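Topology and contacts: notes
This is what each chain is made of:
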Amino acid sequence: MSISVKNISRSFGDFKAVNDVSIDVESGELIALLGPSGSGKTTLLRIIAGLETADSGQICFHGEDATDSSVGERRIGFVFQHYALFRHMTVFENIAFPLRVAKDRRYGREEVSSLVGQALATVGLSGYGDRPATRLSGGQQQRVALARAIVHRPKLLLLDEPLSNLDAALREDMRTELRRLQQQIGVTTIYVTHDQSEALAMSDRIAVMDKGRIVQMGDPRDIYFRPANAFVANFIGAANLLHGKSEDAVAAGGIGSVRLPNGSLVACLFPSGAAKGTDTTVSLRPESIVVGAETNAGLNGTIVSSSFLGSSVRYEVRIGDDVIRAMAAGESTLSVGSPVSLTFPPTAAVVLG
Ligand code: ATP
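The paragraphs below set out a description of the structure included in this document. (Residues numbered from 1 in each chain as written. Predicted model: local features only at pLDDT ≥ 70, side-chain atom pairs only at ≥ 80, totals over all residues. Heavy atoms only, no water.)

Digging into the sheet that holds strand β1 (residues 3-12)
Taken in spatial order, the four strands line up as β2-β1-β4-β5 in an open sheet, and their pairing is antiparallel. Taken across any chain shown, the strands that pair with only one partner, and hence form the sheet edges, are β2 (15-25) and β5 (64-65). Where β1 meets strand β4 (residues 56-61), five bridges bridge the pair, whose relative direction is antiparallel. Among the inter-strand pairings, I3 is bridged to a residue of β4, identified as F61. Contacting β1, β2 and β4, helix α1 (residues 41-49) crosses the sheet at an angle of about 120° to β1. (Pairing = 2+ DSSP bridges. Helix = DSSP H or I, 4+ residues; strand = E, 2+ residues; numbered from the N terminus. Contact = heavy atoms within 4.5 Å. Axes fitted to C-alpha atoms, helices over the stretch in contact; angles between N-to-C directions.)

Following this line, the structure appears as structure tokens:
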């Protein structure tokens, strides 16, 4: 099912929680709404679900206006942050619930049993069907909520931080499992998260939200390697932001040079091009930088801190007035005070804006 969100706004008092948001989601796509706490992700998801009304704008499902239709009329699976399970029911009955109340068809007893069994297996809870829902850990309850959301093979799946209560290892397994299932049944999915790695790993496209607006929409690599602005660059991984002036005119998509205040020249990618002498901000990912012995190539500076993280070492390198973070392999043993050169491909230094 395709979804078209057009110019949706929603205020609470004077506060614009969702501000003129438009998104088109293709049938079978998984879109992440990614942003910090309070950026309007949940409010937008609730409006799409029909649980909250918009002040203005329109929602279309498959080209048909659904702005005023209620949830019951839509074949939607949800997991919301407060995933209320039916406390008086077993795990099996919780998951079977959407099948029992389905209006579009009747499910026979064996079919219910088989679909619930598959859903339980997907979330790794086979054998838990007879447990009372209350006798589960938070993470297990969250997985039951997910099984309940997918059991009836919905056309649209709306997920609000569905893995937030799981420990790191289980969360990664469930990401993969959920994505596999989503692709297998081809369900259009909107997935709210504030976890950038989750969004990068799972999505076809990511909509980055800030203060009620979508500030960038694109596929994960675009968002990561071509952030549109400083907010996105910082929110998706801790980018270094360097300020300088373009040395020459550069065409859109071209490689040009930016002169930093300390006089060094950095070769950068200019996605939108620039005139000579334009003030520019360059986003440079710590993991794209190679920290090596001082040479004439690259940016020269001095290591001011070094943290061993096991598989990597995180260095901070002072270059003029800037401190640049760089990640090196765990074997790297450069010490604080060492003069070093930072090198990186020009495509890793992206001019914002
Ligand atoms: P989180 O990740 O913390 O859930 P979010 O991006 O999902 O954040 P929302 O829950 O959509 O953000 O909230 C956006 C803003 O709207 C917040 O500042 C919140 O306080 C406000 N808000 C949400 N619902 C209401 C409400 N019913 N009444 C008043 N303010 C609300």
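Moving on from the coordinates now.
Brief notes about the packing of aromatic side chains
Each aromatic ring pair is specified by the distance between its two centres and by the angle formed by the two planes. By the definition in use, this model includes three aromatic pairs. A ring pair is formed by F86 and F97, whose centres lie 4.6 Å apart and whose planes are at 55°; its orientation type is tilted. Taken together, the residues F86 in the loop between β6 (76-79) and α2 (91-101) and F97 in helix α2 connect sequence positions 11 residues apart. Summarising the aromatic geometry, the rings of Y224 and F225 are spaced 5.1 Å apart at their centres and angled 85° between planes, so their arrangement reads as edge-to-face. Overall, the relative accessible area of 17% leaves Y224 in the buried class. The cationic tip of R105 hangs over the ring face of Y107; the distance from NZ or CZ to the ring centre is 4.2 Å. Directly above the ring of Y224 sits R285, whose terminal nitrogen or CZ lies 4.1 Å from the centroid. (Phe/Tyr/Trp six-rings, centres within 6.5 Å; stacked < 30°, edge-to-face > 60°. Buried < 20%, exposed > 50% of the residue type's maximum accessible area, 1.4 Å probe, protein only. Lys NZ or Arg CZ within 6 Å of the ring centre and 35° of its normal.)

Thoughts on the site of the ligand
In the neighbourhood of the ligand, the contacting residues comprise F12, F15, A17, P36, S37, G38, S39, G40, K41, T42, T43 and Q81. In the environment of the ligand, an oxygen atom lies 2.9 Å from a nitrogen or oxygen atom belonging to the side chain of K41. Here an oxygen atom of the ligand sits 2.6 Å away from a polar atom, N or O, in the side chain of T43. Taken by itself the ligand offers 630 Å² of open surface, and the protein chains cover 60% of this. Counting only elements with at least two residues in the shell around the ligand, the list comes to β2 and α1. Top contributing element to the shell around the ligand by residue count: α1, with three residues. Residue composition of the shell around the ligand, by class: four nonpolar, seven polar and one charged. (Near = heavy atom within 4 Å. Polar contact = N/O pair within 3.5 Å; in protein donor to acceptor, adjacent residues only side chain to side chain. Areas by Shrake-Rupley, 256 points an atom, 1.4 Å probe, with all protein chains shown as cover. Nonpolar A, V, L, I, M, F, W, Y, C, P; charged D, E, K, R; others polar.)

Observations regarding the pattern of salt bridges
What the rule picks out here adds up to 13 salt bridges. With a shortest N-O distance of 2.8 Å, R179 and D204 are connected by a salt bridge. Highlighted residues: R179 in helix α5 (residues 168-185) and D204 in the loop between α6 (196-202) and β9 (205-210), separated in sequence by 25 residues. On the basis of relative accessible area, R179 is assigned to the buried category, the value being 14%. Taken together, the salt bridges that share partners define one network made up of R10, R46, E52 and D55. (Salt bridge = Lys/Arg side-chain N within 4 Å of Asp/Glu carboxyl O.)

What to know about unusual backbone geometry
Located in the positive-phi region is N7, a residue other than glycine, with phi close to 50°. Despite not being glycine, E161 has its phi angle at roughly 45°, a positive value. With respect to the helices and strands, the residue E161 is situated in the loop between β7 (156-160) and α5.

Focus on the nonpolar core
Judged by nonpolar contacts, the single largest core of 34 residues is most densely connected at I95, V116 and L146. Secondary-structure elements contributing two or more residues to this core are α2, α3 (109-122), α4 (138-150), β7 and α5. Looking at this core, the element that brings in the most residues is α4, giving six residues. (Core = buried A, V, L, I, M, F, W, Y, C linked by side-chain atoms within 4.5 Å.)

Looking at α1
Summarising burial for α1: seven of the nine residues are buried, a large majority. G50 occupies a position one or two residues after α1 and carries a positive phi of about 85°.

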